[in-house]
Amino acid sequence: MNKLKIFVSAILLLIVCFSCNKKQEQVQQTPVDTNKKIGVLLVNHGSHSETWRNTLLDLEKTVEPQILEGTDAQDVKTAFMEYNEPSIATRLKEFDKEGYTDVVVIPIFLTVSPHSFEDIPTIVGLKDSPSSRETLKIENIERYVAKANVHITPLLDFTDILQKNVLRRVKSLSKDPENEGVTLVGYGDTDYEKEWSDLFKKIGKTVKDSLGITDLNHAWCGHIAGYSSEPTKEAIEKILEKKKTDIVIPVLVAHDENFQIRIIGGGIEKVANNKERVIYKPDAVLPDENVEKWVVDVATEYVTKANNNEL
């Protein structure tokens, strides 16, 4: 009888010890800092176009409920890098005033540029680029080093979303793939022209493989092209030397009348018989459900890491 009591006591002791160890492991596996207050800041370039700005504000309205419901973030804001308020500095000051410990910055930019690699990190104080500081000074863009910890996420082109986006838009306009070509028109960048060209080639390959359209070209419409419509016109004409019609796709974040209408549309108007030979819809990358999902996913990842002190 004594032996049985000893055996039962030993078993109970083992169960208690095992339960205590499991509870301790669970606590160690979830090192959530209860003092954290995390915000999400969607940063875009900014534009003189109200249509452009509203598209980016609509993006915030769409993703905000999902981010607030699915993460420990307590606020989602939008900031314009230049031309418009609220600026990045304005938003960071607001987060500081409200006692935020961390701000996750999500750049809504298509691919690499001095804005994403130099200007934004310099504006928020994560980098101190002399050339960028000089540019910011000339353009009257305020630099503000926040009290909160600022974390910048990767860009959109780290995914295949742009390929899917352009493929969907080309497919909606294509009527006779065998006799069509495609011209992609993007902003472009002098310092990162190779990276932009590589991205457009990747997008072009997706279109070729999926739709069987064999002839693709691209042109720049931004600063690198002097905001001229000529590069668009020339790129289209090269396609039309081989194909009956050309589908023109603006690979731009949002619709800006200056780019989609004046520059790209102006280039198309210079092409002979453009009404019969050029297929064009002055749309943009946004709105796009995949972009919205990407914003929510990257916010979730970085808010979680910030909350667990992993950044």
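Each remark here, short or long, concerns the structure printed above.
Residues numbered from 1 in each chain as written. Predicted model: local features only at pLDDT ≥ 70, side-chain atom pairs only at ≥ 80, totals over all residues. Heavy atoms only, no water.

Peer 1: Outline the overall build of the protein chain, listing residues and values.
Peer 2: A tally of helices and strands in the protein chain yields eleven helices and eight strands. Evaluated residue by residue, the protein chain yields a buried proportion of 49% over its 311 residues. Looking at the protein chain alone, contacts between residues at least 24 apart form 76% of all its contacts between residues at least 6 apart. If you sum the accessible surface of the protein chain, you get close to 16300 Å²; carbon and sulfur atoms cover 52% of it. (Helix = DSSP H or I, 4+ residues; strand = E, 2+ residues; numbered from the N terminus. Buried < 20%, exposed > 50% of the residue type's maximum accessible area, 1.4 Å probe, protein only. Contact = heavy atoms within 4.5 Å. Areas by Shrake-Rupley, 256 points an atom, 1.4 Å probe, with all protein chains shown as cover.)

Peer 1: Would you mind going over the nonpolar core in detail, with residue names and values included?
Peer 2: Formed by 72 residues in total, the largest nonpolar core has its most connected members in Val 40, Ile 88 and Ile 106. The dominant element in this core, judged by the number of residues it contributes, is helix α11 (residues 289-307), at nine residues. Leave out the neighbours within four places in its chain, and Ile 106 touches Val 40, Leu 41, Leu 42, Val 43, Thr 153, Trp 294, Val 295, Val 298 and Ala 299. Membership of the second largest hydrophobic core comes to twelve residues, among which are Cys 221, Phe 259, Ile 268 and Val 271. (Core = buried A, V, L, I, M, F, W, Y, C linked by side-chain atoms within 4.5 Å.)

Peer 1: Please give an account of the pattern of salt bridges that cites residues and values.
Peer 2: Under the defined criterion, the tally for this structure stands at 19 salt bridges. Across the pair Arg 168 and Asp 288 runs a salt bridge, and its minimum N-O distance is 3.1 Å. Of the two residues, Arg 168 is situated in helix α6 (residues 161-173) and Asp 288 in the loop between β8 (278-280) and α11; the sequence distance between them amounts to 120 residues. For Asp 288, a relative accessible area of 6% puts it in the buried group. Here the salt bridges share partners, and the residues they tie into one network are Asp 75, Lys 77, Arg 91, Glu 94 and Glu 98. (Salt bridge = Lys/Arg side-chain N within 4 Å of Asp/Glu carboxyl O.)

Peer 1: Which residues make up the pairing of strand β7 (residues 245-251), and what values go with them?
Peer 2: The buried count for β7 comes to seven of seven residues, which makes it a mostly enclosed element. Where burial is concerned, the two faces of β7 agree: the one with Thr 245, Ile 247, Ile 249 and Val 251 and the one with Asp 246, Val 248 and Pro 250 are both buried. The pairing of β7 with β8 spans three bridges and is parallel. Counterpart to Val 248 in the pairing with β8 is Tyr 280. (Pairing = 2+ DSSP bridges.)

Peer 1: Pulling in residues and values, what's your account of helix α2 (residues 50-70)?
Peer 2: Between its first and last C-alpha atoms α2 spans 30 Å; for 21 residues at 1.5 Å apiece the expected length is 30 Å, and the two agree. Where α2 bends most, the angle comes to about 35°, and this point is Val 63, followed within four residues by the proline Pro 65. Within α2 the residues assigned to the buried category are Trp 52, Thr 55, Leu 56, Leu 59, Glu 60, Val 63 and Ile 67. Buried positions along α2 lie against β1 (38-44), β2 (73-80) and α11. Put simply, Ser 49 is the residue that caps the front of α2, since its side-chain oxygen is 3.3 Å from the backbone nitrogen of Thr 51. (Expected span 1.5 Å × (residues − 1). Bend = angle between axes of the 7 residues up to and from the residue. Polar contact = N/O pair within 3.5 Å; in protein donor to acceptor, adjacent residues only side chain to side chain.)

Peer 1: How would you sum up the pairing of β2? Please name residues and give values.
Peer 2: By the criterion of burial, β2 is predominantly enclosed, with seven of the eight residues buried. Sheet analysis places β1 next to β2, joined by seven bridges and oriented parallel. Looking across to β2, one finds that Gly 39 is bridged to Asp 75. The β-α-β motif built from β1, the intervening α2 and the parallel element β2 has right-handed crossover chirality. (Right-handed = clockwise from strand over helix to strand, strands pointing away.)

Peer 1: So what's going on with the environment of Lys 61? Residues and values would help.
Peer 2: Tracing the backbone shows Lys 61 in helix α2. Taking C-alpha positions, Lys 61 is 9.4 Å from Lys 77, a pair spaced 16 residues apart along the chain.

Peer 1: Give a description of the environment of Glu 82 that names residues and reports values.
Peer 2: Along the chain, Glu 82 turns up in the loop between β2 and α3 (88-97). For Glu 82, a relative accessible area of 9% puts it in the buried group. Separated by 35 residues in the primary sequence, Glu 82 and Ser 47 place their C-alpha atoms 7.5 Å from one another. Dropping the residues within four chain positions of it, Glu 82 is found in contact with His 45, Gly 46, Ser 47, His 115, Glu 139 and Ile 141. A distance of 2.9 Å separates polar atoms of two side chains, one belonging to Glu 82 and the other to His 45.

Peer 1: Tell me about the sheet that holds strand β4 (residues 149-152), and please be specific about residues and values.
Peer 2: Across the sheet, four strands lie side by side as β2-β1-β3-β4; this open sheet has parallel pairing. The sheet is open, and its two borders are formed by β2 and β4, each paired with just one other strand. Pairwise comparison of adjacent strand axes, ignoring direction, gives a mean angle of 25° for this sheet. Its contacts with the sheet put α11 on β1, β2, β3 (102-107) and β4, and the angle it makes with β3 is roughly 155°. (Axes fitted to C-alpha atoms, helices over the stretch in contact; angles between N-to-C directions.)

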